[in-house]
Amino acid sequence: MVVAGRAWCHFTLGDVLLTRDFLGMRRAGEVGTVARFGAKLLGGVALLAWFELPAQSQTPQGVNSLPPVTVDAPTQRSLRRAPTSRNAVPVRSTSRRPTAPGAPQAETVAVQSKPSQSGIVPAFAGGQVAQGARLGLLGNTDTMKSPFNVTSYTDKFIRDQQAATAADALILDPSVRSSHPTGGVLDSFNIRGFPINEGNNGEFAFEGLYGIAPTYRIFTDYVERIEVLKGPSAALSGIAPNGGVGGVINVVPKRAGDDLTRFTVDYGSAARFGGHWDVARRYGDSKEWGVRASGSVRDGDTPIDRQSEATGVGSLALDYQGERFRSWLYLIAQTDRFDAPSRPFLMAPGLQVPKAPDGRLNVTQPWEWSHINDQSALLRTEYDLSDQVTLFADVGGSRTNVERFFGLPTIINTSGDTTSTPQFFGLSVDRTTYDGGVRGRFDTGFVHHAVAFQASFYQDALYRRLTNGSLVTSNIYNPIVAPTQFANEISGRPRLSDSELTGLSIADTLSVLDERVLLTLGVRRQGIEANNYLSNVGTLTSSYDKSATTPVVGLVIRPRDNVSLYANYIEGLSRGDVAPQAASNFGEVLPPYIAKQYEAGIKVDFGRFATTVSAFQISKASGELSAGRFAATAEQQVRGLEFNVYGELMPDVRVLGGFSLLDGTLTKTAVAANLGNTPIGVPNIQANIGAEWDLPWMRGLTLNGAVIYTGKQFVDTANKQPIPDWTRLDLGARYTTAINGRKTTFRANVQNVTGTTYWSSVASFGTFFLGAPRTYLLSMTVDM
């Protein structure tokens, strides 16, 4: 163990030094940095596995028995836990039916009354979602004490779905729809009818902070939880870099808990193979030091014609848990390379959208490609001044390098003919984030206060070079392979834009009657500075310096321990547009757009399963050109009713899903004929239901299935170009057993079992996407 300890120290010190390369935001040498970082991760994993595996005890029962698996962290020794007792998460058992002697036991979820040492909220019964989630400035909050609709999907659910990306993991959330095609280079979403992550700045939060997570896609290798806070959240999380107001998708990274050595091999149709590793260890007399390394390599052909994808992911999480001081360091590197990536479509004005083709067909040329490399780092620290007061500070950043050569196909007639001009796109995105503050707890009479103050700073800079190829024609039903073109790259990437987002925020959650009544009050003062530069030239064209104040008010009333009535008013914030060159007020900067949400609902915890019913209204202004002048005269409003259900209906049956009824309306617009129309990409209904059944006559075997339904959507604001509603069926199974005393899980899933052809979704600017074809997924996971 001395030698292993030395190997671990050497590994972590090298990667701590490598952090300087991440935070330095150097745009040169991304490939070399990724390779060095990946090599160190692989080396560290090999050392950990080689030194630690001989010390692992074998199960005395032999190959036909498997010890129960939990995710409990090491025993707590800190004296600071007293202040967290007021936010204690109620104990919810997640036990399963009794297991017959000699049969492998199913994975169980830790039964805890508060977050573990790793800071992870325990899972609810069934293990698919957690009992709470992070609410930005407010931190981890129990679902029943939250004045918002929030869902946190667990690592177990993600693994059982064989979800490779965040888009795959959120397939059963009825408030969320992916708005980019399967086999595409980007994960973007509609949440409550509003777009998220549609730009180049990246809007995934990481540990509650923007600017850390990879820009375009989140791979699940380094994910412990994916949390979805529904609705605007400027006062809690700050302004989203692209101005999204529909919600916040927060990534909770994996951290060291119990010792773990897990390897997975997987296959996806048509011929894509991969392997994944996940290793965790804790060290020290009180297990105060932790390390977790995970990653994957995948390569091969996808089920989409002429398309292949190669990905590599490496992540490292280090932590120290002292009595008063705690610190975490996260490092992530990932690369994503496509040949013939799937692209969205534009529709020529005045024409009906043709029937969707087979999802396997691909109009992207086999010589079109995309290469994206991401590197991220975050250092978090906390220090307890006392049992009631904690200081915190975070620093991190990310760097994204994009090189791609492809076009955006436009459908020019109802026969499905397309035109597209390939374009070389070289982009670099550098982002940094700093924040710090204090959390405190105190009483005034019979009122308890949980107060948080935060100061934050976010900065990004984009550099871009564009060059065009030659026009290509094809057809969505009969794709044509055109003569090969080559990217005409020009050296140098002029600055395209930069921005600085600053914020000061404070929030207080007041509670009385043993937290039967909780009132949250908060406010954030947000500053926005931005500069835009002439494309391919880099000369300044416009500047932006605005600020706004956004409040939050949330109320929770708990007449019973298992019933919560809640309501909130909260605002979202987006930077105002700059008047285009065609406007008489060219260059004028509009004030920030403020989105307003009113929401009320009820949550009921039945012990083994829980439900949430919520009603909301979100309205958001936007700019438009009218009578030659550009002004914020447009407004979109979405009213909705949501129903969510999760947990165990019976000890052997788990459910997850719900529905959203949406009423989207253009409440203001300069085009009188469009007033009252449905906004682009907002369906009237979204419904999902997923279920799992542990077969009673065959221990270890679980069947699962899911149905996903989305209503009609429009590609245009005139509502003349609809895409029809669609339904997709997914089926799967998994089997857990013991091989040579090692827990082994086999998983098989089939997405779109019936091979339905459909247009899946629409982005806010009118591009629409082809649905996924039938896809087969297989994997085998071994816990060493």
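Remember, predicted model here, so these are calculated numbers, not experimental data.

## With respect to the overall build of the protein
Right, so step 1: Scanning the protein from terminus to terminus reveals five helices and 39 strands.
Right, so step 2: Evaluated residue by residue, the protein yields a buried proportion of 60% over its 784 residues.
Right, so step 3: Considering only contacts in the protein between residues 6 or more positions apart, those separated by 24 or more positions represent 69%.
Right, so step 4: For the protein, the accessible surface area stands at approximately 29,200 Å², while carbon and sulfur atoms represent 59% of it.

## Brief notes about the sheet that holds strand β19 (residues 417–420)
Right, so step 1: Reading across from one edge, β15-β18-β19-β22 is the order of the four strands in this open sheet, with mixed pairing throughout. Either end of the sheet is taken by a strand with one partner, and the two such strands are β15 (346–347) and β22 (472–475).
Right, so step 2: The pairing of β15 with strand β18 (residues 410–411) spans two bridges and is parallel. Across the sheet, residue M347 finds its bridge partner in β18, namely I411.

## As for unusual backbone geometry
Right, so step 1: Omega for the peptide link from S269 to A270 comes to 10°, which places this bond in the cis form.
Right, so step 2: Looking at the secondary structure, you find A270 in the loop between β10 (260–268) and β11 (271–283).
Right, so step 3: Despite not being glycine, L513 has its phi angle at roughly 55°, a positive value.

## Considering the packing of aromatic side chains
Right, so step 1: Applying the stated criterion across every chain yields a total of 18 aromatic pairs.
Right, so step 2: Taken together, the aromatic side chains of W289, Y320 and F325 make up a single cluster linked through ring pairs.
Right, so step 3: Positioned above the aromatic ring of W328, the side-chain terminus of R380 is 5.1 Å from the ring centre.
Right, so step 4: Across from the ring centre of Y566, 4.7 Å away, lies the NZ or CZ of K603, which sits over that ring.

## Notes on the nonpolar core
Right, so step 1: Of all hydrophobic cores here, the largest spans 43 residues; its most connected members are L170, F189, F206, I218 and I226.
Right, so step 2: Of all the secondary structure elements, the ones that give two or more residues to this core are α3 (155–160), α4 (166–169), β5 (189–191), β8 (223–230), β9 (247–253), β13 (308–321), β14 (325–339) and β32 (701–710).
Right, so step 3: Not counting residues within four places of it along the chain, the set of residues in contact with I218 comprises A164, T165, A166, D187, F204, A213, V223 and V251.
Right, so step 4: One finds L229, A240, L501 and I528 within the second-largest nonpolar core, a separate group that totals 27 residues.

## Quick notes on the pairing of strand β23 (residues 495–512)
Right, so step 1: Pairing of strand β21 (residues 447–468) with β23, which is carried by 16 bridges, proceeds in the antiparallel orientation. If you follow L462 over to β23, its bridge partner there is S497.
Right, so step 2: Relative to strand β24 (residues 517–533), β23 runs antiparallel, the two being bridged by 16 bridges. Within the sheet, the bridge partner assigned to S499 lies in β24 and is A530.
Right, so step 3: Between β23 and β24, which pair antiparallel and follow one another directly, the connecting turn spans four residues, one of which, L513, has a positive phi of 55°.

## A word on the pattern of salt bridges
Right, so step 1: Under the definition given, this model contains 37 salt bridges.
Right, so step 2: Among the ionic pairs, R192 bridges to E642, the shortest N-O distance being 2.6 Å. Remark: E642 occurs in strand β29 (residues 629–650) and R192 occurs in the loop between β5 and β6 (194–196); sequence separation between them is 450 residues. The pair formed by R192 and E642 is uniform in burial state, with each residue classed as buried.

## Some thoughts on the environment of Q321
Right, so step 1: Mapping Q321 onto the fold places it in strand β13.
Right, so step 2: For Q321, a relative accessible area of 6% gives the class buried.
Right, so step 3: It is 8.3 Å that separates the C-alpha atoms of Q321 and G290, two residues lying 31 residues apart in sequence.
Right, so step 4: Separated by 3.5 Å, the side chains of Q321 and D319 make a polar contact.

About the criteria used
Sequence order as written defines the numbering, with residues in each chain counted from 1. At least 70 in pLDDT is required for a residue's local features to be given in this predicted model, at least 80 for side-chain atom pairs to be given and counted, and no such filter applies to totals for whole chains, interfaces and linings, which use all residues. Computation of side-chain values: all heavy atoms of the structure, hydrogens and water removed. Think of it this way: any DSSP run of H or I at least four residues long counts as a helix, any run of E at least two long counts as a strand, and we number them from the N terminus. Note on classification: 1.4 Å probe, protein chains only; a residue is buried when its accessible area is under 20% of the maximum for its type, exposed when over 50%, partly exposed between these limits. Note on contacts: a residue pair is in contact if any heavy atoms of the two residues lie within 4.5 Å. The accessible surface values rely on the Shrake-Rupley method and a 1.4 Å probe; as for residues, cover is taken only from the protein chains in view. Should DSSP find at least two bridges between two strands, the strands are regarded as paired. Ring pairs are drawn from Phe, Tyr and Trp, using the six-membered ring of Trp, whenever the two centres fall within 6.5 Å, and their geometry is named by plane angle: stacked under 30 degrees, edge-to-face over 60, tilted for the rest. In our convention, an over-ring charge means Lys NZ or Arg CZ found within 6 Å of a ring centre and within 35 degrees of that ring's normal. In this description, a nonpolar core means a group of buried Ala, Val, Leu, Ile, Met, Phe, Trp, Tyr and Cys residues linked to one another through side-chain atoms lying within 4.5 Å. By convention in these notes, a salt bridge is any Lys or Arg side-chain nitrogen within 4 Å of a carboxyl oxygen on Asp or Glu. Here a polar contact is recorded for every N or O atom pair within 3.5 Å, except that within protein the pair must consist of a potential hydrogen donor and a potential acceptor, and residues adjacent in sequence are included only if both atoms are side-chain atoms.

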